[in-house]
Amino acid sequence: MKPRAIKPNVSWVGAVDWDRRLFDALIPLPDGTSYNAYLVQGSQKVALIDTVDPSMTEILTGYLEDVPAVDYVIANHGEQDHSGSIPRVLARYPDAKVVTTPKGKDVLAALLRMPEGKFITVTDGETLSLGDKTLEFIHAPWVHWPETMLTYLREERILFACDLFGSHLATTDLYVIDEGQAYEAAKRYYAEIMMPFRTSIEKHLQRLKDYELDIIAPSHGPLHKKASFILQAYRTWVLDPPKNVVVLPYISMHGSTQKMVEYFVAALVGRGVTVKQFNLAGTDLGKLAMALVDAATMVIGTPTVLVGPHPHVASAAFLANALRPGLQFVSIIGSYGWGSKAVEQLAGMIPNLKAQVLDPVISKGLPGEEDLKALDNLAKTIAEKHKERGFA
Ligand code: FEO
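Thresholds applied
- Going along each chain's sequence as written, the residues are numbered from 1 onward.
- In keeping with the predicted nature of the model, local features appear solely for residues at pLDDT of at least 70, side-chain atom pairs appear and are counted solely at 80 or more, and the whole-chain, interface and lining totals rest on all residues.
- Only hydrogens and water are set aside; all other atoms, that is, all heavy atoms of the structure, feed into the side-chain values.
- Angles shown run from 0 to 180 degrees and are taken between the N-to-C directions of axes, each axis being a line fitted to C-alpha atoms and, for helices, limited to the stretch in contact.
- Secondary structure elements are defined from DSSP: runs of H or I of at least 4 residues count as helices, runs of E of at least 2 residues count as strands, and each element is numbered from the N terminus.
- Each angle is binned into one of four classes, with values under 35 degrees roughly parallel, values over 145 roughly antiparallel, values of 65 to 115 roughly perpendicular, and all other values oblique.
- Note on convention: near helix rotated counterclockwise from far helix by under a right angle means a left-handed crossing. Clockwise means right-handed.
- We call two residues in contact when some of their heavy atoms are within 4.5 Å.
- We count a salt bridge whenever a side-chain nitrogen from Lys or Arg sits within 4 Å of a carboxyl oxygen from Asp or Glu.
- Buried, partly exposed and exposed residues are distinguished by accessible area as a fraction of the type maximum, computed with a 1.4 Å probe on protein chains only: under 20%, between the cut-offs, and over 50%, respectively.
- Should DSSP find at least two bridges between two strands, the strands are regarded as paired.

Visitor: Lay out the packing of helix 5 (residues 179–194) against helix 7 (residues 227–239) in plain terms, naming residues and giving numbers.
Guide: Where helix 5 contacts helix 7, the two axes come as close as 11 Å, and the packing angle between them is 45 degrees. Between helix 5 and helix 7, the crossing angle belongs to the class labelled oblique. Here helix 5 and helix 7 pass one another in a crossing that is right-handed. Every residue of helix 7 that contacts helix 5 at E179, A182, Y183, A186, K187, Y190 and M194 is listed here: F229, I230, A233, Y234, W237 and V238.

Given below as structure tokens:
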């Protein structure tokens, strides 16, 4: 394939990974992904903005076959899906320098074992002239690593945002066409990657108000010609209050917890609360992460395995804790046969969730009348608390 023109002398030279199904050996990629790299050819100098995952280096170097010189490789982010092909690019262009933040230099030197003399570090707001084109570097720490920056091409008003505003979506479309699909993919990406850093992202969103943005060009997924679409979506995810939603990740082994979940869900729905339930025996963890973006409450359902929570439930709780969603309330429901410390163990796994803990409901064996009454009370408490806080 030929480089795909975005503006005169600005091209997409990335790779679409249709077949990748897991990122970080953890995050499901139901729709594959892309690694977007961009070539900016000025009247005097040429810059390559980010590279591609090392598994697809040949695709990038194929695009560069007719490019005699690259003077700068702009490394917005050190993670290997964007930086991993830098050594091969430098091998082809031995005089090229890697432009990054001071922290980016540390990260890249460690991850890629690159020599000191290869780097140019840039300060926040510093510019680099390519002749008739100017790159401005905007330090943007914690999207989602500490070394990250964004690169703004002033003359064309393009923001090369790296992971920020990205989506794991393999497509032949250079730009977003189907906004519904793009919203879903970008929200999934935000939930899995960006949500823990939303305080930093809020600051970056504020700062970007000072920039005219004709195109937002992330490092994953299609580009945004309508910048307001993705900016508004991010504002919603970062700033909006939680919704009248309970997220219920659970598992059941012999049916007791299942029965509790079904009863509890009906009790919540009857009180006007939306429930998103995820049976962890086969759920897509990305869907669970997305649900956590908006939910006011999470109730974890678990049977007892060897005195503790089911390992799949423990894993989901660990993930929810790491993603730091804006949950306001949490609780636990579940069952045991002969003894359980599941509640204590689960509670100890979610210290990052700054949420009020509501009384758990744990049944010995199949839930009896008292257990069902306790589930009703928990549902009533949740509905009332959501109403008190104005969650709609
Ligand atoms: Fe797409 Fe943080 O790498």
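Additional details are given in the paragraphs that follow.
Visitor: Can you tell me about the pattern of salt bridges, naming the residues and giving the values?
Guide: In total, this model carries 16 salt bridges according to the counting rule given. Across the pair D214 and K7 runs a salt bridge, and its minimum N-O distance is 3.9 Å. Taken together, the residues span a long stretch of sequence, with D214 in the loop between helix 6 (198–208) and strand 16 (215–218) and K7 in strand 1 (residues 4–7) at a distance of 207 residues. Relative accessible area serves as the criterion here: at 22%, K7 is assigned to the partly exposed category. Here D53 makes a salt bridge to R20, at a shortest N to O gap of 3.4 Å. With D53 in the loop between strand 8 (46–49) and helix 1 (57–63) and R20 in the loop between strand 3 (15–17) and strand 4 (22–23), the pair connects residues that are 33 residues apart, well separated along the chain. Given a relative accessible area of 11%, D53 falls into the buried group. One network of salt bridges, in which partners are shared, links K7, K133, E156, R157 and D214.

Visitor: Outline the sheet that holds strand 1, listing residues and values.
Guide: On the basis of which strands lie adjacent, the open sheet formed by 7 strands has the order 1-2-7-8-9-10-11 and mixed pairing. The strands lining the two open edges of the sheet, one partner per strand, are strand 1 and strand 11 (119–121). Across the sheet, the mean angle from the axis of one strand to that of its neighbour is 25 degrees, orientation sign disregarded. Across 3 bridges, the pairing between strand 9 (residues 72–74) and strand 10 (residues 97–100) is parallel. When the bridges of strand 10 are listed, Y72 appears paired with K97.

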